[in-house]
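Architecture at a glance
Below, each chain spelled out in residue letters.
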Amino acid sequence: MTLNAEKVLAVRTAKTIYRDGDTVVKVFDNDYSKADILNESLNQARVEETGLNIPKLLEIGIVDGKWAIRSEYIAGKTLQTLMDENPDKLDFYLHKFVELQMLVHSKHSPLLGKLKDKMDRKIREANVDANTRYELRTALEGMPKHNKVCHGDFNPSNIIIADDGTAYIIDWSHATQGNASADVAHTYLLFCLHGRTDIADKYLDLFCEKSGTVKKYIQQWLPVVAAAQSVKGNLSEREFLLSWVGVVDYE
């Protein structure tokens, strides 16, 4: 794969994202798991088949000895940028945000990995005592089994509003199929993790109102999702997430 980088769009842990003409190239560090890279590209291809507006997967290859994924470039601004630039329109953008997430959850992709299986593996790795781990895994197993597409990192930075107003959802590396309320609980925790509990609460109320979901049902997922997510990120993020374990009665 050739890379004619015009600019660096983002630098994330173990990966750098470049603009190359009308494409985006995500280049992974040498120690990044090859299996995870191929799984990310496979997730993107499978979600593309659902008909959702996402950047098209174009190529998988190697750049200077590093694995890379090339996708379609979408010109526009992230929803997070628009929220920051137009605080007076926050409610409008939150409505759009929730509607997009509900659209994702309306899709099915039978070959995506199972959300419950992924979360169970992560809880096994979580830095909690054996009794808590057992209770979390028991709670997870007792949750209703659904097969809706779940993004796994649904936040305003992963939504691009194109110049014509069309919304595109990016970064499908964590996509699974499962219970949509787990996906919502994760988004709620992401807002809280960034110190925006005010937006988190407004988001949750809005999602429950629009989807007809009982809030307690989503809240029951919070300790389980928090424990699963605590296995990655920096120390402060892990400590914050683990503080949620046991906060909600999930029995």
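In short, a report on the structure.

About the cut-offs
Within each chain, residues carry numbers counting from 1 in the order of the written sequence. Selection of residues for local features in this predicted model requires a pLDDT of at least 70, selection of side-chain atom pairs for listing and counting requires 80 or more, and totals for whole chains, interfaces and linings are taken over all residues. Computation of side-chain values covers all heavy atoms of the structure but excludes hydrogens and water. Helix and strand labels come from DSSP, where a helix needs a run of H or I of at least four residues and a strand needs a run of E of at least two; each type is numbered from the N terminus. Computation of the radius of gyration draws on C-alpha atoms, with the globule rule given as 2.2 Å multiplied by the number of residues to the power 0.38. Think of it in three bands: with a 1.4 Å probe and only protein chains considered, a residue is buried below 20% of the maximum accessible area for its type, exposed above 50%, and partly exposed in between. Residue contacts are defined here by distance: any two heavy atoms, one from each residue, within 4.5 Å place the two residues in contact. Only the protein chains shown count as cover for residues, and all accessible areas are computed by the Shrake-Rupley method using a 1.4 Å probe. Note on pairing: DSSP must find at least two bridges between two strands before they are called paired. Axis geometry follows a simple rule: fit a line to the C-alpha atoms, using only the stretch in contact for helices, then measure angles between N-to-C directions, giving values from 0 to 180 degrees. Aromatic contacts are taken between Phe, Tyr and Trp rings whose centres are within 6.5 Å, Trp giving its six-membered ring; a plane angle under 30 degrees counts as stacked, one over 60 as edge-to-face, and the others as tilted. What makes a salt bridge here is a side-chain nitrogen of Lys or Arg within 4 Å of a carboxyl oxygen of Asp or Glu, nothing more.

**Some remarks on the overall build of the chain**
- Within the chain, the secondary structure is distributed over ten helices and ten strands.
- The C-alpha radius of gyration computed for the chain amounts to 18 Å, which stays within 12% of the reference 18 Å derived for 251 residues, consistent with globular compactness.
- Judged by the C-alpha coordinates and their principal axes, the chain covers about 55 × 40 × 35 Å.
- By the burial criterion, 46% of the 251 residues in the chain qualify as buried.
- Taking the contacts inside the chain whose residues are at least 6 apart along the sequence as the reference set, 65% of them involve residues at least 24 apart.
- Within the structure as shown, the chain displays about 12500 Å² of accessible surface, and the carbon and sulfur contribution to it stands at 48%.

**So, the sheet that holds strand 2 (residues 15-20)**
- Reading across the sheet, the five strands line up as 1-2-3-5-4 and stay open at both edges, with antiparallel pairing between neighbours. Strand pairing shows two members of the sheet lacking a second neighbour, strand 1 (7-12) and strand 4 (57-63), which therefore form its edges. Going from strand to strand, the sheet's axes swing by 20° on average, the running direction of each strand aside.
- Sheet topology places strand 1 next to strand 2; five bridges connect them, and they run antiparallel. Across the sheet, the residue bridging to K7 is R19, located in strand 2.
- Along the sheet, helix 1 (residues 34-48) contacts strand 3 (23-28), strand 4 and strand 5 (66-72); its crossing angle with strand 5, the most-contacted strand, is approximately 15°.

**Structural notes on the packing of aromatic side chains**
- With the rule as written, the count across this model stands at nine aromatic pairs.
- Ring centres 6.0 Å apart and planes at 90° place the aromatic pair Y188 and W244 in the edge-to-face group. With a gap of 56 residues between them, Y188 in helix 6 (residues 180-193) and W244 in the segment after helix 10 (235-242) connect regions that are remote in the sequence.
- With 5.6 Å between their ring centres and 55° between their planes, F191 and Y203 make a pair best called tilted. Of this pair, F191 sits in helix 6 while Y203 sits in helix 7 (residues 197-211); the two residues are twelve residues apart in sequence, bridging distant segments of the chain. For the pair F191 and Y203, a shared accessibility class is recorded, and that class is buried.
- Of the aromatic side chains, those joined through ring pairs into one cluster are F97, F154, F191, Y203 and F207.

**Digging into the sheet that holds strand 9 (residues 167-169)**
- If you trace the three strands from one edge of the open sheet to the other, you get 6-8-9, paired in antiparallel fashion. A strand with exactly one partner marks an edge of an open sheet, and here the two such strands are strand 6 (76-78) and strand 9. Sheet twist, expressed as the mean angle between neighbouring strand axes with direction ignored, is 30°.
- The strands touched by helix 3 (residues 90-105) are strand 8 (159-162) and strand 9; relative to strand 9, the strand with the most contacts, the crossing angle is about 55°.

**Topic: unusual backbone geometry**
- With a phi angle near 50°, D64 is a residue other than glycine that sits in the positive phi range.
- Within the element layout of this structure, D64 appears in the loop between strand 4 and strand 5.

**Overview of the pattern of salt bridges**
- Inspection of the entire model under this criterion finds eleven salt bridges.
- D20 is the partner of R70 in a salt bridge, and the nearest nitrogen-oxygen pair spans 3.1 Å. You can see R70 sitting in strand 5 and its partner D20 sitting in strand 2, a full 50 residues away along the chain. Of the two residues, R70 and D20, neither departs from the other in class, the shared state being buried.
- A network of salt bridges, in which partner residues are shared, links D20, E59 and R70.

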